[in-house]
Amino acid sequence: MAELRPHVEELRSIGVEPYVIGSGTPAEARDFQRHVHAESVPVLVDQKLASYAAAGWKRSATATMHPSSWWRGLKSMIAHPQRKTAGDPWQLGGAMIVRRDGEVTFRFRSETGGHHPAIATLVDEARKAVAA
Amino acid sequence: MTTRASDDLAAAELRDTDDRPRAMRDLWRDRPALVLWVRHFG
């Protein structure tokens, strides 16, 4: 989310509202929001993991701990020191852009821990979603 | 090629940081939404 923060206003100016969903508690979500100085980004929680399941995101200890995630995790920890894990540690995430009519114009599924779409890709896809 | 958000996804119930309920479908009701699901808060 720290990577997203500098692009929030750009996304809003394009006409796309960013949201972050995690699997911790509401209090943990607020703490996380403050920790990464992203109070302007709406953070929501899904402790039942219903949206994760409906979106088709992976839940796997093997994938989460895959060696390919170690280097990304190390870089991330250096850039944004991680505190305790708040939420389901084996639940991987993803990203979607959904238009007002419910059409999903972009979908990205994390295959291993630390596997994220590039911010530039998200901004580009946001522009396409609005232009479509 | 685009797909449509499933009914299950649209109906998923979320909660905000004040513990108020929020339906997933509300996220894209007024404008397109970029939704990022994170692995955990940390």
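Residues numbered from 1 in each chain as written. Chains lettered and ligands numbered in written order. Predicted model: local features only at pLDDT ≥ 70, side-chain atom pairs only at ≥ 80, totals over all residues. Heavy atoms only, no water.

A. Quick look at the interface of chain B and chain A. At the junction of the two partners, chain B supplies 33 residues and chain A supplies 56 residues. Taking both sides of the interface into account, the surface hidden between chain B and chain A amounts to around 4,100 Å²; carbon and sulfur atoms contribute 59%. Area buried by chain B at its contact with chain A is led by Leu34(B), Trp37(B) and Phe41(B), which between them contribute 23% of it. Linking chain B to chain A there are three salt bridges. In this structure, the salt-bridge partner of Asp18(B) is Arg30(A), at a minimum N-O distance of 2.2 Å. Our count for the chain B to chain A interface comes out at 22 residue pairs in polar contact (both at pLDDT 80 or more). Counting residues per element, the ones that place at least two in the side of chain B that touches chain A are strand 1 (3–4), helix 1 (7–11), strand 2 (13–15) and strand 4 (33–37) of chain B. (Contact = heavy atoms within 4.5 Å. Buried area = accessible area lost by both parts, 1.4 Å probe. Salt bridge = Lys/Arg side-chain N within 4 Å of Asp/Glu carboxyl O. Polar contact = N/O pair within 3.5 Å; in protein donor to acceptor, adjacent residues only side chain to side chain. Helix = DSSP H or I, 4+ residues; strand = E, 2+ residues; numbered from the N terminus.)

B. Representation of the confidence of the model for chain B in the model. Confidence in the prediction for chain B averages 92 pLDDT; 95% of positions are at 70 or higher. Note on the complex model: pTM 0.84, ipTM 0.93. (pLDDT = per-residue confidence, 0-100.)

C. Representation of the nonpolar core. Membership of the largest hydrophobic core comes to 26 residues, with the highest contact counts inside it found for Leu4(A), Leu122(A), Leu34(B) and Phe41(B). Going through the elements one at a time, helix 1 (8–14), helix 2 (26–35), strand 2 (43–45), strand 3 (94–98), strand 4 (103–109) and helix 6 (119–131) of chain A together with strand 4 of chain B are the ones with two or more residues in this core. Top contributing element to this core by residue count: helix 6 of chain A, with five residues. If we skip the residues at most four places from it in the chain, Leu4(A) touches Leu11(A), Pro18(A), Val20(A), Val41(A), Ile119(A), Leu34(B) and Leu36(B). (Core = buried A, V, L, I, M, F, W, Y, C linked by side-chain atoms within 4.5 Å. Buried < 20%, exposed > 50% of the residue type's maximum accessible area, 1.4 Å probe, protein only.)

D. Layout of the pattern of salt bridges. All names here are of chain A. A complete count under the given rule lists 17 salt bridges over all chains for this structure. Of the charged contacts in the structure, one is a salt bridge between Asp101 and Arg99, with a shortest N-O distance of 3.0 Å. Judged by relative accessible area, which is 38%, Asp101 ranks as partly exposed. The buried category is assigned to Arg99, whose relative accessible area is 18%.

E. Broad picture of helix 6 of chain A. With 13 residues, helix 6 of chain A should reach 18 Å at 1.5 Å per residue; the first-to-last C-alpha distance of 18 Å fits that figure. Looking only at helix 6 of chain A, the buried set comprises Ile119(A), Leu122(A), Val123(A), Glu125(A), Ala126(A) and Ala129(A). For helix 6 of chain A, the buried positions fall inside an angular range of 165° around the axis, keeping them on one side. Turned more than 90 degrees off the buried face of helix 6 of chain A, the exposed positions are Ala120(A) and Ala131(A). Summarising the contacts, the buried residues of helix 6 of chain A are in contact with helix 1, strand 3 and strand 4 of chain A together with strand 4 of chain B. (Expected span 1.5 Å × (residues − 1). Arc of directions from axis to C-beta.)

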